[in-house]
Amino acid sequence: MLHLMKVGPCQQILRKTALLVSGCTRHVHCSKHFSTVFKRLDNTSLRYHSASVYGGGILNKLRKVLSHKHFLRSVFTSQQTGTPGPTQLTDKVFSAKTLIETWYYEVCPYGEMNVTLPFKTFIKPHDQPGLNKVNIQFHYYSEGQEEAPESQKLSHIGDLYDLDVRFDEDKANMNITCDITKGVTLPVVCLLRVPLQLDLKIKMLDDKDVSIENMDSSKIVIETERGNCFLKNIKCGSVSAVCRSGNITCLSTLLGNTYFHTGKSGSITTERLQGSSITCETEMGFINVRSLYADDATFRSDAGNFHLGHCHGQLYLLAGQSDINIESLDGDMDIGLQSGNVSAHLSRHQKANIEVATGDITLSFPEGANTDLNLDCQALRVDHAIDLHFSDSDLPHHKEGYIGRQGQALLNARTVSGTISLKQLDWISATKLFS
């Protein structure tokens, strides 16, 4: 049993601090509480009644907590900064005024966190490297409303959900779920601050979005129903995001093997993808990739358009009714298209295969390109600047020949009912592709 004698008004501080000793802290609308606690900790001294202390371990933990008051202040302050996501939330969302509840849990920094939540969720690592804590914050957010309600009303929101956090024995796996009253939509968003290398398995319910940034995990798995997935600056062994009808947006660089799938009209938009294996799939939504570096990259869509920027590696594209535009390719490709047009600039290739049932194919080459040609089309248009040589063929609509020198590369292009156009870009025009 531990008795503490105080000097100054610190009874409440001790009760709150004792929660930290147990490994989890929960504060209800603690914006004012934190500022009050830290002020009192700075101006209040504690002394311990040694005659009433049984078990020095608890005292040591308590002293350690109190010695870290400045650290706790810095953690709380740094974690109020908002993370812009697919809904473009501002920094005001994650402020002291909007905080409903917050919890801290000690975890294995290289373990896995499984999350199933009915709220929009933002996940980012701690600003302080090496922390083995998970901080869960619930904030008030209602679209179109500028000011948060007063603290008493915020505390009532906490009565409408039930957060459940569980661990396995060695704390390697953390499971977070939250139940809310059926049929009720709460004005709540969740901010999770986690260890940098923690693996993530995220499931968002209903139309709730998830935003993850600056993580360095070995595995990230995301599933949404009607919500969007937003990623920024991710380095990971493998990333999987499956949205039944939402969009997937990836800013900055995503480094790692990647699998993206969106259903219905959901789209995929990325800046830079880099990994050994990359797959992007949609049903009716478009796929827009600014730059790609991959050993193998596969893109599929039933009825969505493709816009691929600067691509490096082996490309496989399979589509139904789509238009495909590739700004530049340094590598090989295989394209199968049922209906639509293909436009691509072949900066450098060894083998390129393009087959279109209904639609046109437009291909451009840099100056000095060398490739063999095997073409099937209803009509052929050739830029006069291309050094093109054709051999005789007895087959109608079939052309065989080469550009530059023979035996350097091979291009097979076929459209059942369409035109193939071959163009040459001078170095100025080709440079504009990379601007």
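Our subject is the structure listed above.
A brief look at the structure comes next.

Conventions we followed
Residues numbered from 1 in each chain as written. Predicted model: local features only at pLDDT ≥ 70, side-chain atom pairs only at ≥ 80, totals over all residues. Heavy atoms only, no water. Helix = DSSP H or I, 4+ residues; strand = E, 2+ residues; numbered from the N terminus. Polar contact = N/O pair within 3.5 Å; in protein donor to acceptor, adjacent residues only side chain to side chain. Pairing = 2+ DSSP bridges. Buried < 20%, exposed > 50% of the residue type's maximum accessible area, 1.4 Å probe, protein only. Contact = heavy atoms within 4.5 Å. Phe/Tyr/Trp six-rings, centres within 6.5 Å; stacked < 30°, edge-to-face > 60°. Lys NZ or Arg CZ within 6 Å of the ring centre and 35° of its normal. Core = buried A, V, L, I, M, F, W, Y, C linked by side-chain atoms within 4.5 Å. Salt bridge = Lys/Arg side-chain N within 4 Å of Asp/Glu carboxyl O.

We now examine the environment of N135. Its location among the elements puts N135 in strand β7 (residues 133-140). Spatially, the C-alpha atom of N135 lies 9.6 Å from that of P195, the residues being 60 residues apart in sequence. Of the polar contacts made by the side chain of N135, one reaches the side chain of Q137; its length is 2.7 Å.

Turning our eyes to something else, we now look at the pairing of strand β23 (residues 361-366). Relative to β23, strand β21 (residues 342-348) is paired through four bridges, and the arrangement is parallel. Counterpart to H345 in the pairing with β23 is S364. In this sheet, strand β29 (residues 419-425) lies alongside β23 in parallel orientation, the contact comprising six bridges. From the neighbouring strand, I361 faces β29, where its bridge partner is I420.

Attention now moves to the environment of L186. Mapped onto the elements of the fold, L186 is located in the loop between β9 (173-180) and β10 (188-194). Residue class for L186 comes out buried when judged on its relative accessible area of 10%. Spatially, the C-alpha atoms of L186 and Y141 are 8.8 Å apart, while their sequence positions differ by 45 residues. Contacts of L186, omitting those with residues within four sequence positions, involve F119, L160, Y161 and I180.

Moving on: the packing of aromatic side chains. Tallied over the entire structure, the rule returns six aromatic pairs. Here the aromatic rings of W103 and F138 are separated by 5.3 Å at their centres, their planes lie at 80°, and the arrangement is edge-to-face. Taken as a pair, W103 in strand β4 (residues 99-106) and F138 in strand β7 lie far apart in primary sequence, 35 residues in all. On the basis of relative accessibility, which here comes to 0%, the residue F138 falls in the buried class. Ring plane angle 50° and centroid distance 5.9 Å describe the contact between Y105 and F167, whose orientation is recorded as tilted. Linking Y105 in strand β4 with F167 in strand β8 (residues 161-167), this pair joins segments that are 62 residues apart in sequence. Here a set of aromatic residues connected by ring pairs shows up, and it is made of W103, F119, F138 and Y161. Sitting over the face of the ring of F167, K171 holds its NZ or CZ atom 5.9 Å from the ring centroid. Seen from the ring of F390, K399 lies directly overhead, with NZ or CZ sitting 5.8 Å from the centre.

A few words on the pairing of β4. Across the eight residues that make up β4, a large majority, seven, are buried. Pairing analysis gives seven bridges linking β4 to β7, with the strands arranged antiparallel. Bridge pairing links Y104 to N135 in β7.

With that settled, the discussion passes to the nonpolar core. The biggest cluster of nonpolar side chains holds 87 residues, and the ones touching the most others in it are I136, F138, I212, F299, L315 and I326. With seven residues, the top contributor of residues to this core is strand β14 (residues 229-243). Contact partners of I136, with chain neighbours within four places excluded, come to E101, T102, W103, Y105, L163, V165, M174, I176, C190, L191 and L192. Judged by nonpolar contacts, the second largest core, of five residues, contains V93, F94, V189 and L191.

Applying the stated rule across the entire model yields nine salt bridges. A salt bridge links R193 to D127, with the nearest nitrogen and oxygen atoms 3.0 Å apart. With R193 in strand β10 and D127 in the loop between β6 (120-125) and β7, the pair connects residues that are 66 residues apart, well separated along the chain. Here E223 ties to R244 by a salt bridge, and the two come within 3.7 Å at their closest N and O atoms. Of this pair, E223 sits in strand β13 (residues 216-224) while R244 sits in the loop between β14 and β15 (248-262), and the two are 21 residues apart along the sequence. The class for E223 is partly exposed, based on a relative accessible area of 32%.

Along the chain, S364 turns up in strand β23. Setting aside anything within four residues of it in sequence, one finds S364 in contact with A344, H345, L346, K423 and L425.

Below, the discussion takes up the side chain of T262. Inspection of the secondary structure puts T262 in strand β15. A distance of 2.8 Å separates the side chain of T262 from the backbone oxygen of G266, its partner in a polar contact. Not counting chain neighbours up to four residues away, the residues in contact with T262 comprise C243, G246, I248, S267, I268, E281, T282 and E283.

Function cannot be inferred from these measures alone, as they are strictly geometric.
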